[in-house]
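Listed below, chain by chain, are the residues.
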Amino acid sequence: MAKNRKITNKNQNKINQYSLFKTLKDMKKLILLGAAAIMLAPSASAQMSLVKDLAKHAASNKIEDLQNVLTNIAPALTNAESANDVLTWFTAGKASFGLYDQLLQAKLLQQPVDQALMTKSLTDGFTYYQKALKLDTIVETNKDGSIKYNKDGSKKVKTKYSKDIIGTLTSHVADVANAGNECLQNNDWAGAASAFGYYADIASTPMAVENGVSADAETMSQVRFFQGYSQYQMQDFQNAYDNFSKARKLGYTDNNIVDFQTSSLANLVQTMLDAKEYNKAYNFIDNALVSDPNNATLHDIKGFTKELEIGVDDALPYYLKATEVDPTYANAQFDVGRCYYLQAQKIIDDNPNATTKELVPKVKPLYDKAIPYLKKAIELDPSNTKPKSVLDDIDYKLEQMK
């Protein structure tokens, strides 16, 4: 029978020391984890604490105070926690509009002001407040913290800042249009595009109608044109094309808008073709044709895309379609004539040993088709020398075939 082993005082002390050591070790671990949590807690809420503090100063009428608010709130605009809180954007917007108002007041008093800062504070204000408007949805709760629901099962919500935001946006809509004009005159294309865009976005909304600051179609068409024109100067051809399209739909016909829209489209498609993104180009053109099926430029550019990817034979139907929808489009007339000419030239190149007698029946019908299109192109656009060059070559070849 095994003897019962007794724990001696010496062993008991070792156990007690071990237990104490283990307890202290665990406690140290807990203390370290607790310290880390304490250290992390302020950092997680620090940005919102900062925002709440800055919000107290966003209504200041001192330029320096407002600039400080905007400088110090910048990190909160990208912080994961604070960037999703309406107060962050409302505070930034309030400070921006406040800064603009103070600078405008100084300008009216004929005091020197930084015009670029004035414009930036205004457009930034629109950016911040529009973001705040989207976030200004507060879910209502009961006294016990549970969510309140509507009869249809949706959550009950309310807004806190929307009334102030809408009032400020609508009261500054004329200011942002003026800022756009000033940027345009100074060749500040980015500033002009941004300002005109904000005007168009706000002036066409129900809140603008409600506050009596909505724009009529004529004004809106002008704004969209100059927004597109600014973007065109920046080589932002996608947005330029979109805004030229909007302006035309609203009835705008001045300032060679068709030429600008055509050039935007051509430049946009050209970037796709340079990258050999033919499917992307086709999708873009086809989408544009859905809303504008009688646009000769679109048909002509689709033909050019086909010609570049496949060849003249596949391009010709689209060039012909362009002349059908708009017989006055000189470029399409030239492209049709050019295609017939190139088809004839291919026959000549593919039959180097053929006699003139053998070639005439094959190429003359193509030349006969090309000639009226080339003559029409010359009539419509005398400044373009290319149709005349092709026509002269055809005349020379026909003369040689006699």
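Parameters at a glance
Residues numbered from 1 in each chain as written. Predicted model: local features only at pLDDT ≥ 70, side-chain atom pairs only at ≥ 80, totals over all residues. Heavy atoms only, no water. Helix = DSSP H or I, 4+ residues; strand = E, 2+ residues; numbered from the N terminus. Buried < 20%, exposed > 50% of the residue type's maximum accessible area, 1.4 Å probe, protein only. Areas by Shrake-Rupley, 256 points an atom, 1.4 Å probe, with all protein chains shown as cover. Salt bridge = Lys/Arg side-chain N within 4 Å of Asp/Glu carboxyl O. Phe/Tyr/Trp six-rings, centres within 6.5 Å; stacked < 30°, edge-to-face > 60°. Lys NZ or Arg CZ within 6 Å of the ring centre and 35° of its normal. Expected span 1.5 Å × (residues − 1). Contact = heavy atoms within 4.5 Å. Polar contact = N/O pair within 3.5 Å; in protein donor to acceptor, adjacent residues only side chain to side chain. Core = buried A, V, L, I, M, F, W, Y, C linked by side-chain atoms within 4.5 Å. Axes fitted to C-alpha atoms, helices over the stretch in contact; angles between N-to-C directions. Parallel < 35°, antiparallel > 145°, perpendicular 65-115°, else oblique. Left-handed = near helix turned anticlockwise from the far one by under 90°. Nonpolar A, V, L, I, M, F, W, Y, C, P; charged D, E, K, R; others polar. pLDDT = per-residue confidence, 0-100.

1. Remarks on the overall build of the protein
Along its length, the protein carries 17 helices and two strands. Here the protein holds 402 residues, and 38% of them are scored as buried. Of the roughly 23,700 Å² of accessible surface on the protein, a fraction of 52% belongs to carbon and sulfur atoms.

2. Overview of the pattern of salt bridges
For the structure shown, the criterion picks out twelve salt bridges. A salt bridge links arginine 338 to aspartate 335, with the shortest nitrogen-to-oxygen separation between them at 3.0 Å. With arginine 338 and aspartate 335 both in helix 15 (residues 330-350) and three residues apart, this pair spans about one turn of that helix. When its relative accessible area of 7% is taken as the criterion, aspartate 335 is described as buried. The partner of glutamate 379 in a salt bridge is lysine 376, and the shortest N-O contact between them spans 3.7 Å. Placement of the pair is glutamate 379 and lysine 376 together in helix 16 (residues 356-380), with a separation of three residues, close to one helical turn. Residue class for glutamate 379 comes out exposed when judged on its relative accessible area of 56%. On the accessibility criterion, lysine 376 (29% relative accessible area) is partly exposed. Several salt bridges converge on common partners, so that one network encompasses Glu307, Asp335 and Arg338.

3. Things to note about the packing of aromatic side chains
All chains considered together, the criterion is met by 20 aromatic pairs. Seen in terms of ring centroids, phenylalanine 225 and phenylalanine 244 are 5.6 Å apart; in terms of plane orientation they differ by 40°. Their pairing is tilted. Residue phenylalanine 225 is found in helix 9 (residues 217-233), and its partner phenylalanine 244 is found in helix 10 (residues 237-249); the two are separated by 19 residues along the sequence. When sorted by exposure, phenylalanine 225 lands in the same class as phenylalanine 244, which is buried. By the ring-pair criterion, three or more aromatic residues cluster together here, those being Trp189, Phe196, Phe225, Phe226, Tyr229, Tyr232, Phe237, Phe244, Tyr252 and Phe260. In this structure, lysine 306 packs its charged tip against the face of tyrosine 282, placed 4.7 Å from the ring centre. Above the ring of phenylalanine 334, the side-chain terminus of arginine 338 is found at 6.0 Å from the ring centroid.

4. Comments concerning unusual backbone geometry
Working note: non-glycine residues mostly have negative phi, and peptide bonds are mostly trans. In this model, glutamine 110 sits at a positive phi of 60°, which is unusual for a non-glycine residue. Note that glutamine 110 resides in the loop between helix 3 (86-108) and helix 4 (115-135). The exposed category is assigned to glutamine 110, whose relative accessible area is 76%.

5. Some words on helix 4
The end-to-end C-alpha separation of helix 4 is 30 Å, in line with the 30 Å expected for 21 residues at 1.5 Å each. Looking only at helix 4, the buried set comprises Met118, Thr119, Ser121, Leu122, Thr123, Asp124, Gly125, Phe126, Tyr128, Tyr129 and Ala132. Those residues of helix 4 hidden inside the fold are in contact with helix 2 (63-73), helix 3, helix 5 (162-171), helix 6 (173-185) and helix 7 (189-203). The distance from a side-chain oxygen at the start of helix 4 to the backbone nitrogen of alanine 116 is 3.1 Å, and the residue carrying that oxygen is aspartate 114.

6. Points about the nonpolar core
Counting residues in hydrophobic clusters, the biggest one holds 46 residues, and the most contacted among them are Leu122, Phe126, Ile165, Leu169, Val176 and Tyr199. At the level of elements, helix 1 (9-55), helix 2, helix 3, helix 4, helix 5, helix 6, helix 7 and helix 9 are the ones that each hand at least two residues to this core. The element best represented in this core is helix 3, accounting for ten residues. Leucine 122 has contacts with Phe97, Tyr100, His172, Asp175, Val176 and Ala179, leaving out every residue within four places of it along the chain.

7. Some words on the side chain of serine 96
One can find serine 96 in helix 3. Under the relative-accessibility criterion, serine 96 is labelled buried at 1%. Only 2.9 Å separates the side chain of serine 96 from the backbone oxygen of alanine 92, close enough to count as a polar contact. Residues in contact with serine 96, not counting those within four places in the same chain, are Leu70, Ser121, Asp124, Gly125 and Tyr128.

8. Remarks on the packing of helix 14 (residues 312-325) against helix 15
Close contact between helix 14 and helix 15 brings their axes to 8 Å; oriented N to C, the two are set at 150°. With respect to helix 15, the axis of helix 14 lies roughly antiparallel. Helix 14 and helix 15 meet at a crossing whose hand is left-handed. In this structure, helix 14 contributes Val312, Asp313, Leu316, Tyr319, Leu320, Ala322 and Thr323 to the contact, and helix 15 contributes Ala332, Gln333, Asp335, Val336, Arg338, Cys339, Tyr340, Leu342 and Gln343. Grouping the constituent residues of the contact of helix 14 with helix 15 by class yields ten nonpolar, three polar and three charged.

9. Description of the confidence of the model for the protein
When pLDDT is averaged along the protein, the result is 87; 89% of the residues meet or exceed 70. Taking the mean pLDDT of every element in the protein, the minimum, 55, falls on helix 1 and the maximum, 97, on helix 14. Within the model, the stretch residues 1-25 combines pLDDT values under 50 with one contact to residues more than four positions away or in other chains. Taken as a whole, residues 27-42 scores under 50 in pLDDT and shows zero contacts with residues more than four places along the chain or in a different chain.

10. Some remarks on the environment of lysine 321
The topology assignment puts lysine 321 in helix 14. The exposure class assigned to lysine 321 is partly exposed, which follows from its relative accessible area of 35%. Along the chain, lysine 321 and valine 336 lie 15 residues apart, while their C-alpha atoms are 9.7 Å from each other.

11. A closer look at the packing of helix 10 against helix 11 (residues 257-274)
Two numbers describe a pair of packed helices, the interaxial angle and the distance between the axes. Put simply, helix 10 and helix 11 touch, their axes get as near as 9 Å, and they point 150° apart. Accordingly, the angle class assigned to the pair helix 10 and helix 11 is roughly antiparallel. Crossing of helix 10 over helix 11 shows left-handed handedness. Of the residues in helix 11, those in contact with Phe237, Gln238, Ala240, Tyr241, Phe244, Ser245, Ala247 and Arg248 of helix 10 are Ile257, Val258, Phe260, Gln261, Ser264, Leu265, Asn267 and Leu268. Across the contact of helix 10 with helix 11, the residue classes break down as ten nonpolar, five polar and one charged.

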